[in-house]
Amino acid sequence: MRYSAFAILKNALRGNRDWTPAWRKPEPRSNYDVIIIGGGGHGLSTAFYLASVHGITNVAVIEKGYLGSGNVGRNTTIVRSNYRLSANSAFYEKSMDLWRELSQTLNYNVMFSPRGVLNLAHTPGQMDTHAERGNQMRLMGVRSELLDRDQVARLNPGLDVSGSARFPVHGGLLQPDAGNARHDAVAWGYARAADQLGVDILENTEVVGFLKEGDKIVGVETMRHGERGEIRARKTGVAVAGNTGRVMKMAGVDKLPIESTVLQAFVSESVKPIIPTVTTFGAGHLYVSQSDKGGLVFGGNIDYYNSYAQRGNLPVWEEVTSELIAMFPNFARLRLLRSWGGIMDMSMDGSPIITTGPLPGMYLNAGWCYGGFKATPASGWCFAHTIANDKPHAFNEAFTLDRFKQGNPIDELGAGPTPWYH
Amino acid sequence: MRLTCPYCGSRDHQEFTYRGDATAVRPALNNTSIDDHNAYIFDRSNPDGVHQELWNHTSGCRTHLVVERNTVTHEVLSCKPVGPFARKLK
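Sequence order sets the numbering: in each chain, residues are counted from 1 along the sequence as written. Whichever chain is written first becomes A and whichever ligand is written first becomes 1, with later ones labelled in order. With the structure being a predicted model, the display of local features is reserved for residues of pLDDT at least 70 and the display and counting of side-chain atom pairs for 80 or more, all residues being used for whole-chain, interface and lining totals.

A. Local environment of the interface of chain A and chain B. The contact rule is simple: place each C-beta atom from the backbone, and if two of them lie within 7 Å, those residues are in contact. Chain A puts 22 residues into the contact, and the matching count from chain B is 19 residues. Listing elements by their share of the side of chain A that touches chain B, those giving two or more residues are helix 7 (244-250), strand 12 (258-270), strand 15 (295-306) and helix 10 (403-406) of chain A. In this classification, Asp, Glu, Lys and Arg are treated as charged, Ala, Val, Leu, Ile, Met, Phe, Trp, Tyr, Cys and Pro as nonpolar, and every other residue, Gly included, as polar. Among the residues forming the side of chain A that touches chain B, the class breakdown is 12 nonpolar, 5 polar and 5 charged. Under the scheme used here, helices are H or I runs from DSSP no shorter than 4 residues and strands are E runs no shorter than 2 residues, and both carry numbers assigned from the N terminus.

B. Region of interest: the environment of V61 of chain A. Residue and element names in this part refer to chain A. Inspection of the secondary structure assignment puts V61 in strand 2 (residues 59-62). For V61 and R232, which are 171 residues apart along the polypeptide, the C-alpha to C-alpha distance reads 13 Å. Beyond its immediate chain neighbours, meaning those up to four positions away, V61 contacts I36, G39, G43, L44, A47, V199, I201 and L202.

C. Region of the structure containing the domain arrangement of chain A. All names here are of chain A. For the domains described, the bounds stem from an automatic or database domain assignment. Assigned domains within chain A: domain 1 (24-108 + 183-256 + 349-421) and domain 2 (117-179 + 259-347). On a C-alpha basis, the centroid separation for the pair domain 1 and domain 2 is 27 Å. Contacts between domain 1 and domain 2 engage 32 residues on the former and 32 residues on the latter. Among the secondary structure elements, those contributing two or more residues to the side of domain 1 that touches domain 2 are strand 3 (78-79), helix 3 (86-106) and helix 7.

D. Geometry of helix 6 (residues 183-196) of chain A. All names here are of chain A. An ideal rise of 1.5 Å per residue puts 20 Å on 14 residues; helix 6 measures up with 20 Å between its terminal C-alpha atoms. Residue burial is a threshold on neighbouring C-beta atoms within 10 Å of the residue's own C-beta, all placed from the backbone, with 20 or more meaning buried, 12 or fewer meaning exposed, and counts in between meaning partly exposed. Buried residues dominate helix 6, accounting for 11 of its 14 residues. All of the buried residues along helix 6 are H183, V186, A187, W188, G189, Y190, A191, R192, A193, A194 and D195. Taken together, the buried residues of helix 6 touch helix 2 (41-52), helix 3, strand 8 (200-202) and helix 9 (372-389). Note on helix 6: the residue one or two positions beyond its end, G198, has a positive phi of about 105°. Expected helix span is taken as 1.5 Å per residue step, with the number of steps being one fewer than the number of residues.

E. Molecular detail of the nonpolar core. Residues and elements named next belong to chain A. Among the nonpolar cores identified, the biggest contains 112 residues, and I35, I37, A47, V59, V61 and A194 are the most heavily contacted of them. Ranked by the residues each element gives to this core, the list is headed by helix 9, at 8 residues. Residues from two domains meet in this core; each of domain 1 (24-108 + 183-256 + 349-421) and domain 2 (117-179 + 259-347) gives at least three. In this view, V59 contacts Y32, D33, V34, I36, A47, L50, A51 and V199; residues no more than four positions away in its chain are not counted. Defined on buried residues, the nonpolar core groups Ala, Val, Leu, Ile, Met, Phe, Trp, Tyr and Cys residues joined through C-beta atoms within 7 Å.

F. Spatial organisation of the packing of helix 2 of chain A against helix 6 of chain A. All names here are of chain A. Running from N to C, helix 2 and helix 6 cross one another at 30°; their axes reach a closest spacing of 9 Å. Relative to helix 6, the element helix 2 is oriented roughly parallel. For the pair helix 2 and helix 6, the crossing hand works out as left-handed. Contacts between helix 2 and helix 6 involve G41, L44, S45, A47, F48 and A51 from the first element and V186, A187, Y190, A191, A193 and A194 from the second. A fitted line through C-alpha atoms represents every axis, and for helices the fit uses only the stretch in contact; the resulting angles, taken between N-to-C directions, go from 0 to 180 degrees. Comment on the angle field: the value is read as roughly parallel under 35 degrees, roughly antiparallel over 145, roughly perpendicular from 65 to 115, and oblique elsewhere. Here a crossing is taken to be left-handed if its near helix is turned anticlockwise relative to the far helix by less than a right angle, and right-handed if that turn runs clockwise.

G. Examining the sheet that holds strand 5 (residues 145-148) of chain A more closely. Residue and element names in this part refer to chain A. If DSSP finds at least two bridges between two strands, the strands pair. A sheet is described by the order of its strands in space; here 8 strands give the open sequence 5-6-4-13-14-15-12-16, paired in mixed fashion. Since the sheet does not close on itself, it has two edges, and those belong to strand 5 and strand 16 (336-347), each with one partner. Shown here is a sheet whose adjacent strand axes are inclined to one another by a mean of 25°, direction ignored. Relative to strand 15, strand 14 (residues 286-290) runs antiparallel, the two sharing 4 bridges. Bridge pairing in strand 15 places V288 opposite F298. Lying on the sheet, helix 4 (residues 124-139) is in contact with strand 4 (117-121), strand 5 and strand 6 (171-175); it crosses strand 6 at an angle near 20°.

Written out as structure tokens, the structure is:
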């Protein structure tokens, strides 16, 4: 069923009895052309672009939980492409191009809202680095605006720009075309669109091992409703975010340039519209935006130690909330509604991996650190291209697994091989 | 999460600086293998379970510690000093 205003009206007149589920719940077949492990945003978008761009529709997406139960439903929904290095800039701008059309492409409202992402600066030196990054963005064709303090104040009336603030605001860098999208809708929209093209989405099906012929991956062993099964495929893609270490160990790949850590996120009670843009604090690490329901959605740094627990520790709460209040003193009396943690696959240079290998018949999509949501469309688009053609597209040819050994890391922050600092 | 420093006792983990995987050992100075150095700098086993890791008690005695911790439950199994100070502990 095609979604439209007309469909809403027609179904309303018929008492809303005719709506059908957005995607099927098929039984797994024994053989597919391509298996994608991980039914998150990246896995589902990969399946969608495999079917829609490359005509490969005999595809299964294997998800261990329910759809949207992983990081695609746990992030702070920010979509931006304000990068400094050209490999990142080109890739994330490709993602922005896909975001702009995504609701139409999928016939599903992903509520993409290009409200602007504002990075604050609190020192003259930081203004210089913002100017540099803004110029780098413009060279790559990404719009950017360097704002002074008064422009920031006009854009964000709730912000404390007074000289008495703990970290007085000097100005900021605005990417006006960046913003937010509804994270669940992205998962549901890709799932529905892929399903309509013939992709099987297998929920509650966990990969518990790989089928190998020699070194070559020829499929997966699964656990579904308490029963073991086997699904074979010519090509197997892995897009499992924080579980990359776990899943790759099953395939016999014991070491990767990735460490898993926990990132916490927070949402406050709902208030009337108060923050028009996504706003980030420059004297620490905090990003905040307001959801359409009115809650303030915010997060900061990862808990910096290795972790597979989907929960973090209290020092991050203290740091993040104190930074929020330093920016917006009037939020001090808001109550927190929820907080949660998700597992991040932190790579050694803070940039992702979309590549063929590391084993024959296998393809790897990993290392998203805590910026995977904005990449969802381009990640799937590039991963589908890589799987279909057995070689990367120009947009992801720098995101290899051996770039570290080759001396070509893409270290946006210049932090070195310290995953907990990216 | 609290770590038990052998010198200072049980302290909040915020007093410590995380230094990563303790099983990654720098190759010998005369080892010129790029693969060995690459593995030391970039490759990690990233286990879900018991992880050996280095922490420094930055806001305390500044001793380097090898901590054995479960990455799934955050349970700390042991904290042992490493480096020259390790010998002085009775």
